Every structure is written in structure tokens, then in C-alpha cells.
Amino acid sequence: MKHAISPPRYYRNSIKWIQWIGKTGKVIGITTQQVQQSNSTSHLPLQIALVEFEQAQLLLPIALGGPQITIGTKVICTLRKLSSTTENAVIEYGLVCRSC
Amino acid sequence: MSTIYIVGSAVTKFGELWDKSLRDLIQDAAFSAIKDATLEPKDIEAIFIGNMAANQFEGQSHLGALVSSFFPHFPPSMRIESACASGSLAMLTAENALLAQRYNTVLVIGAEKMTDVDASVTTDILAGAADVEKEQRSTFPGLYALLAQAHMQKFKTTSEQLANVAVKNHHNALANPHAQFHKEITVQDVIQSPMVAEPLHLLDCSPISDGASAVVLSTKKHHSNIIIAGTGHAQDTLALADRKSLTEFASTQKAATQAYAQANISAADIEAAEMHDCFTIAEIFAVEDLGFCKKGKGGQYIQQTQTRQELNPSGGLKACGHPVGATGVKQIAYLHQQMKLGRWNVTLAHNIGGSGATAVVHILKQGKNL
Amino acid sequence: MLFSQEIGIVGYGTYLPPKRIFAEEIEKKQGKADQGIAKSLGIISKTVPGEDEDAITLAIEAGLDCFAHFPIQKQDISALFVGSESHPYAVKPSGTVIASALGLPETLAMADFQFACKAGVQAMLAATAYVGSGMAKLGMGIGSDTAQAKPGNILEFTAAAGAACFIIGTTNLIARFQGAVSIATDTPDFWRRPGYEFPEHAGRFTAEPAYFAHVKKSSTLLLNELHKKPSDFTYCVFHTPNAKFPKAVAKQLGFTKEQLQHSLVVEKIGNTYAAATLLALTNVLDHAKKGDTIFVASYGSGAGSDALALEVLSNGKYT
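Residues numbered from 1 in each chain as written. Chains lettered and ligands numbered in written order. Predicted model: local features only at pLDDT ≥ 70, side-chain atom pairs only at ≥ 80, totals over all residues.

Turning our eyes to something else, we now look at the overall build of chain A. Each helix and strand counted, chain A has one helix and five strands in total. Taking 13 Å as the expected radius of gyration for a compact globule of 100 residues, we find that chain A reaches 14 Å, a close match to that expectation. With the C-alpha coordinates of chain A rotated into their principal frame, the extents come out at 40 × 30 × 15 Å. Evaluated residue by residue, chain A yields a buried proportion of 44% over its 100 residues. The contacts of chain A with a sequence gap of at least 6 include a subset with a gap of at least 24, amounting to 59%. (Helix = DSSP H or I, 4+ residues; strand = E, 2+ residues; numbered from the N terminus. Rg over C-alpha atoms; globule rule 2.2 N^0.38 Å. Buried ≥ 20, exposed ≤ 12 C-beta atoms within 10 Å, placed from the backbone. Contact = placed C-beta atoms within 7 Å.)

Next comes the structure, spelled out in C-alpha cells:
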């Protein structure tokens, strides 16, 4: 099992979130990963999407449980838990996208 | 500039090798290659070992020192890492040392031991070959699935064409005693295998393997007439999201151009190519980016009954196996062995790191084509 | 307490996780189909958070919703209070993650609250106090929860997830606060000790001496201070542990079904705990017209209640 994120690394990530959260973009590539990294928040397949934002493209996980997303869907960048651990560790939040 | 001869080579069996440790594999390959070269261990002046993740798979860093300690004279030794291109970059590093006239005869090893840990741990480790900040939750099947999708969308490449790559390579591997798999498969088998990351099925993906390979390079002939005629090494963005195109590897194109120029040949002269088919789509990219066929026509090209060059005759990564650090060296070792048997005179080895961030191309020539 | 200055709501936002589970499914899984539990609670369905969601991510979404619909100057927000009974950390505030994600300034008074289901309203009132005292130009109060219930327990029918966020200010108000009264007593009707995953409740003790006593007391005190009767208000909102309790307390206080109508979102989304009263209020605001008045009373186990009266100053999105 992967170790939890280190606090300094979490901190460096979190100060960059605001550059993207709330921004909208278009999905240009999408796939469903049946096999995840070991610290995935869910046993369910995770979708990742290549999203074209105004400033740049980002490869983002898709938030679980929302309406279906396909190529061309308009999405918004937001925040979710990215990994899960039983350790008494800092929770790893990170950028994802969902339909909007 | 000195000519670099491949004077000896060896490949271990690739597969789930429960009774072989990383050290066993390294020593098997190393000393077999030296024997193949009809040299002694003490003739090796330096060692270059390509390995991606021994420090994560088993906590063993400082591989250069470990390998050196297997030799009575402790030759200078270093580990080179570039994810799945570690092996070919170890080759390049060795070649540069020879061309700098620092050494005359050196040993290159590629090795990886992957099956001691759970598959989920392997997935985590291999994810390190991606951009861990920009591709945080992505797995390698996921990244190559996006590439496959883009190619299928733009060029109408089909799942059957992807599957055909795996079918061909499994068939080729039947003649390779070192290959991990000796099993014919059909296009239906591939398409009906479980989806890993759509559109890539399980049988579109190369396996997790243990294995090692080694090559002895020298500026002296040592009865060999197989040389490294050309090399190329190029990079591209680590993160897919930063790429200019998702339907080609610019790194392969640039590396191939460098290698063809140095070897004074064109793509049409290649008789056999060992290419980096970590996923079936990667071989389709390769035949296009190496210039064997037009961009977008790779799937069709590979489907032909007879192509101008033999494609992944060893079985490729898909059927021969893909111990990550070993692959780049194994490609060259395999070509060397087959060329010694007189099978070809001009061959190519193509090794990729990550999702196309690193590409290395080697051209081998033999005999009167030197 | 009556508000002497112009102070009130400048903007609000909500978020509900997309997944739902229907009460019949829960009845079946509990082996209690045909016992009419869902019907007696008045619950049709409830929200279920995704495995990648928690009270922090829900709160961020509510904040994004608020900023998308109201012209808020984020740099003027200098107080943020977050109420939840499912804060992801026992020690480390939810609010700092929320502030970072929403791009709030570093010059921020911030604390997490817990007071069971009234923590969200209390957070909003604390933000109001900061603004009213001049310590902040804008204050943000959030109620957010991913409530859990022990498998097989009646709370499974209602424990849901959601978030609501309110921005409080003194200008460009969409609703003005008229008065507020809060009460708190040591009444142990519902609790969770550290290290335990699910709360416990005291059965029938959670009704009369707890919910009903506190809601009626805070409401009566506020009505008296305002010199108003229930019929003076257009709408009312009472905390929704289920759909039954708010209907009953409304009747006991003298409010009508019509006044309650837009506040019973609990029927479809379940009890979102610290977000519940706030979410119900947002639905009323969405349907309210300029000049309407709204009477709100929260309830938090353990126990306490905040009564709040507002006058609506601009039409909601459904009018």
C-alpha cells in the first residue's frame, strides 16, 4: 500500500489548487481504469479525463458518482479526496473534474 | 570516431521466475554474455546497468556497486534509469564512454525483478514513470488508453488492429525459447479478454516479468562483425497533457532520424525491428514514427501478411515479456544473436520510456554493410 | 436579540452529492420491508456521498456554487466558520482546506464548530457576529456533513450528506436579519465519543425533551422579542431530522403547512445534519419574493436551538 502524502508535499500542492478550482474546460480524451493504484479511494473503476482548459490541458481524475462524461462534455475543476489510507495521516485532497 | 562492436550477448528466460533473485538474473545474464564474447570477467573495464526500480521492488539502491562486486577486479560501474528505456540508455551511456575512449571493452546489463511484490504494488511503482504531479491517479494502461483512443478517433484504427499486434507477437514468440509466453492467441481472444482501461484489453498489455539481458561492447573486433551503426536519443514532455500530439511520439521520430542519419540508411533498409510494444497501440505508433509506413496506417501495415521488415520477431514486450530495465538491452541482445545466425544484416531496436517521454533507437549492422 | 443594523445574507450556495438511495431499499436491506418506517419518517430518499467526498469537499462545492451565482468579493471575506459533525479531522480544521481551495485570503478568522445538527446555523451566526461587530466586511458560514448511521439503525433512513454556505454582509443584501435567539442546555439525546464510527441516540428521549422543547423555546423567545405571531411570517423552516418533526413542531407553534412547504427538502435528500436547516432555508429563499419573511429554527442535539427571523429583499431564482 502506498504511503500517505507527506505534509510538505500536500502543502505545496494545495497552494496551487486555486489556479484551477472553478475553471471550466472540455473533455478531449477519457478512459476508465479498471485497475487502480493501491491507495485509491474506491474499489470502483476510476475514470481519467484529458481536459482542455483555456490556459492548458490537464489530465484529471473524474469525481465519482456524477453523471456520465464523454468526449466533448463541459467539466469544472474541483476538489476531492484522491487517496485513502488507514494511517493517521494527512488526507490527500487533489484536483478532479466533474460535469457542470 | 571508434566503431563499436557487439562482441557478446545473452538473455535470460523472461517470466515469473520465482526461484531467481535480481542478483541471480544479473549474474546469469552478465556471465553468459561474457562467455558468448569468448572473454573473461576481468576483461570487462566498466559496467553499465539499466534498471528502473530495484530500490522500490526490493529496497536495493546502489546497483552499480552491487554488480561490480560480482567481478574479481571491481570494475567501475553505474546504474542508469529512464523508466522502461533504462536498458537502451544504459547502452547509450556505455557507447558514449567507449567513444570518449575511456574504455575499450564494457558490459551493459538490463535487469528487473518485478514479481516478488503484489500486482497492485507494481502498478504503484510503474506509475512513477509518469508525471506523478500532473498524472497523479493515472496508471500506465490509462495513459496508453488515451493514446489509443486518440489514434482510433483520428485514423479509424480498430480494436481488431490493436489485437492483431498481440496475435502476431505471440506467434513470433513461439520461436523464442526465452519468451515468457509460448501460446498462440487470436484476435477474438484479445478482444474478449477483460478490459483494463478502455479500449485496451488485458491481452493488449505487456505482462509483468522478471528477466535480465547483457551485451558486451568493444572498440576491438573480437571476432565480431556486428556493430552499432547509429543511435538516436530524444525526449518529449513527461505529461501527456503537455504533448503537442496524442497520435504520435515525436521522441521516436527524432531518435529515429538521428539514428538513420548516423547509420547512413533510411527506414526502408531495416530488415527487422524490435519495437517497444508495452501496449499494442505502442507498436502501431512505432511503425509509423519509425517511418515504416505513413502516419495513421500503422494498424493496416502490421496486418499485412508480409511487411518489408520483420516486426518484433522476438515476440516483443507483449509475448517475450517486459522486465522494465531489461527490455532495451534484450532487444539489442536478441538482434545480435539472430544476426550472428545470418538472419539479417541491418536491424533496429526501439525503446521507449514512460508514455513516450524518452525514446532511444539503435541501428545494428553486420558484415559487408559496415 | 434584535439586529439594530442592516446585516444579512449576501449570497448562498448548496451542494448535494449526485447519488441517491431510496427508503424502500433501506427497508429491504434492514429486513423491515412493509413496516412503514420510511412512511412514518416521511422520507422518500436520501443523498449518498461518493467515496472521494467528505464534509470538506462538499463544503467547497457549496462555496463554488455560491460564487457562481452571487457577485462576492472573495478578498473581503475575513471570517469563515464551518459546522459539521463529520469533520474529516479531529484535530486540523476543515475550514483551512476549504479556504485554500476557494481562494479566500489568508487574513481569515477561522474555526470549525460542532454542535450536532445546529453547527451550520451557528457557524452562519458566528460569521454574522464578526460582520456585525465590524471585525469582518464579509463572513462565511458553512454547514456540511457526510452523516453516518449504524447499519440496521433507524438513523440509516435519514443520515445523509450535503452542504450549504452563506455569505453575510451589510450591503447588497438579498435577505436582512431581523432577530436571533440561541439556547443551549445539557440534554444528552444524541452523541458520538471519539474513536467510535457511529453516533448513539436516546430513542424517544430525542423528541419531546430534546427537539421539541428546544425548538419551541428558542422560537417562542424570538417571537416575543419581535412582538410577532407565527402568522406574521410568509415561510418557516424548522430543523429536519425527518419530515415528521418539523411538521409537528410547526403545528404546535401555530405555523401552517403552507408556511412549511418549501422547507421539507428532507423528504428527498434526507437529514444532512449540520447543513439541514441551512439547505432548507436556501430552498425557501429560492422560492421567496421580495418582502416575504422567513422564520427559522435550528436544532442541535446535546442540545440547543437557534431561532432566526429574516426579511427577503430580492426575488429568489424560482420567482
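Before going further, it helps to spend a moment on the confidence of the model for chain C. Residues with a pLDDT of 70 or more make up 100% of chain C, whose mean pLDDT is 96. As a predicted assembly, this complex carries a pTM of 0.91 together with an ipTM value of 0.93. (pLDDT = per-residue confidence, 0-100.)

What follows covers the interface of chain A and chain B. Reports of interface size often rely on the accessible area that becomes lost once the parts have come together. In this complex, chain A contributes 19 residues to the contact, which on the side of chain B involves 25 residues. Looking at the side of chain A that touches chain B, the elements with two or more residues in it are strand S1 (24-33), strand S2 (46-52) and strand S3 (57-61) of chain A. Among the residues forming the side of chain A that touches chain B, the class breakdown is eight nonpolar, 10 polar and one charged. (Nonpolar A, V, L, I, M, F, W, Y, C, P; charged D, E, K, R; others polar.)

A few words now on the packing of helix H6 (residues 140-155) of chain B against helix H10 (residues 280-289) of chain B. Residues and elements named next belong to chain B. It is at 9 Å that the axes of H6 and H10 come closest, and there the two elements cross at 55°. With respect to H10, the element H6 is oriented oblique. Handedness of the crossing formed by H6 with H10: left-handed. Where H6 abuts H10, its residues Tyr144, Leu147, Ala148 and His151 lie against Ile281, Ala282 and Ile284. Here the residues of the contact of H6 with H10 are counted per class, giving six nonpolar, one polar and no charged. (Axes fitted to C-alpha atoms, helices over the stretch in contact; angles between N-to-C directions. Parallel < 35°, antiparallel > 145°, perpendicular 65-115°, else oblique. Left-handed = near helix turned anticlockwise from the far one by under 90°.)

The next subject is the interface of chain C and chain A. Contacts between the two partners involve 17 residues from chain C and, on the opposite side, 18 residues from chain A. Top element by residues in the side of chain C that touches chain A is helix H3 (residues 55-69) of chain C. It accounts for four residues. When grouped by side-chain class, the residues that make up the side of chain C that touches chain A number seven nonpolar, four polar and six charged.

Residues with a pLDDT of 70 or more make up 100% of chain A, whose mean pLDDT is 93. Averaged pLDDT values for the elements of chain A fall to 94 in helix H1 (residues 7-14) of chain A and rise to 98 in strand S4 (residues 74-81) of chain A.

This part covers the domain arrangement of chain C. Residue and element names in this part refer to chain C. For chain C, the assigned domains are domain 1 (8-169) and domain 2 (175-312). The straight-line distance from the C-alpha centre of domain 1 to that of domain 2 is 16 Å. Facing the 44 residues of domain 1 at the interface are 38 residues of domain 2. Residue assignment for the side of domain 1 that touches domain 2 shows that the elements contributing at least two residues are strand S1 (8-15), helix H2 (37-41), strand S3 (45-48), helix H5 (119-132), strand S6 (138-146) and strand S7 (161-169). When residues in the side of domain 1 that touches domain 2 are grouped by element, the largest group, seven residues, is from H5. When the residues that make up the side of domain 1 that touches domain 2 are grouped by side-chain class, the tally is 23 nonpolar, 16 polar and five charged. (Domains from an automatic or database assignment.)

With that out of the way, let us pick up the sheet that holds strand S8 (residues 175-184) of chain C. Residue and element names in this part refer to chain C. Strands sit in the order S5-S4-S6-S7-S1-S8-S13-S12-S11 across an open sheet of nine strands; the sheet is mixed. Each edge of the sheet is formed by a strand with only one pairing partner; in this case those strands are strand S5 (109-113) and strand S11 (235-238). Across this sheet, the average inter-strand angle for adjacent strands is 20°, counted without regard to direction. The pairing of S11 with strand S12 (residues 293-297) spans four bridges and is parallel. Along S12, the bridge assignment pairs Cys236 with Phe295. In the packing of H3 onto the sheet, contacts are made with S1, strand S4 (77-83), S6 and S7, and the angle to S1 comes to roughly 125°. (Pairing = 2+ DSSP bridges.)

In this section: the environment of Arg98 of chain A. Residues and elements named next belong to chain A. One can find Arg98 in strand S5 (residues 93-99). Accessibility expressed as a C-beta count within 10 Å gives 23 for Arg98, which makes it buried. Distance in space between the C-alpha atoms of Arg98 and Thr31 is 14 Å, their sequence separation being 67 residues. Once you skip the residues sitting within four places of it in the chain, Arg98 turns out to touch Ile62, Ala63, Gly66, Val75, Ile76 and Thr78.

So, on to the environment of Val121 of chain B. Residues and elements named next belong to chain B. Along the chain, Val121 turns up in helix H5 (residues 119-126). You can call Val121 partly exposed: it has 17 C-beta atoms within 10 Å. For the pair Val121 and Phe57, spaced 64 residues apart in the sequence, the C-alpha separation amounts to 8.5 Å.

For any two helices packed against each other, the geometry comes down to the angle between their axes and how far apart the axes lie. Residues and elements named next belong to chain C. Across the interface, H3 lies against helix H4 (residues 94-102) with an axial gap of 9 Å and an inter-helix angle of 40°. What the angle tells us is that H3 and H4 run oblique. Considering how the two elements wind past one another, H3 and H4 form a crossing that is right-handed. Residue-level contacts link Ala55, Ile56, Ala59, Ile60 and Gly63 of H3 to Ser94, Val97, Ile98, Ala101 and Leu102 of H4.

Quick look at the environment of Ser6 of chain A now. All names here are of chain A. Secondary-structure assignment places Ser6 in the segment before H1. Its 12 C-beta neighbours within 10 Å are what place Ser6 among the exposed residues. Distance from Ser6 to Pro67, taken between C-alpha atoms, is 33 Å for residues 61 residues apart in sequence.

Our focus in this paragraph is unusual backbone geometry. The general pattern is negative phi for most residues beyond glycine and trans for most peptide bonds. Glu198 of chain B connects to Pro199 of chain B through a cis peptide bond whose omega is 10°. When you line up the elements, Pro199 of chain B lands in the loop between strand S5 (195-197) and strand S6 (200-201). Of note, the bond from Gly302 of chain C into Ala303 of chain C is cis; its omega dihedral lies within 30 degrees of zero at -10°. A positive phi angle, close to 50°, is found at Thr38 of chain B, a residue other than glycine. Within the secondary structure, Thr38 of chain B sits in the loop between helix H1 (22-36) and strand S2 (46-50). Owing to 12 C-beta atoms within 10 Å, Thr38 of chain B belongs among the exposed residues under this scheme. The backbone of Lys156 of chain B sits at a positive phi, close to 60°, despite the residue not being glycine. Relative to the helices and strands, Lys156 of chain B is located in the loop between H6 and helix H7 (159-173).

Now for the nonpolar core. Counting 258 residues, the largest nonpolar core has Val108, Ile109 and Ala214 of chain B as the members making the most contacts within it. Counting residues per element, this core draws most heavily on H5 of chain C, at nine residues. The residue makeup of this core includes at least three contributed by each of domain 1 (8-169) and domain 2 (175-312) of chain C. (Core = buried A, V, L, I, M, F, W, Y, C linked by C-beta atoms within 7 Å.)

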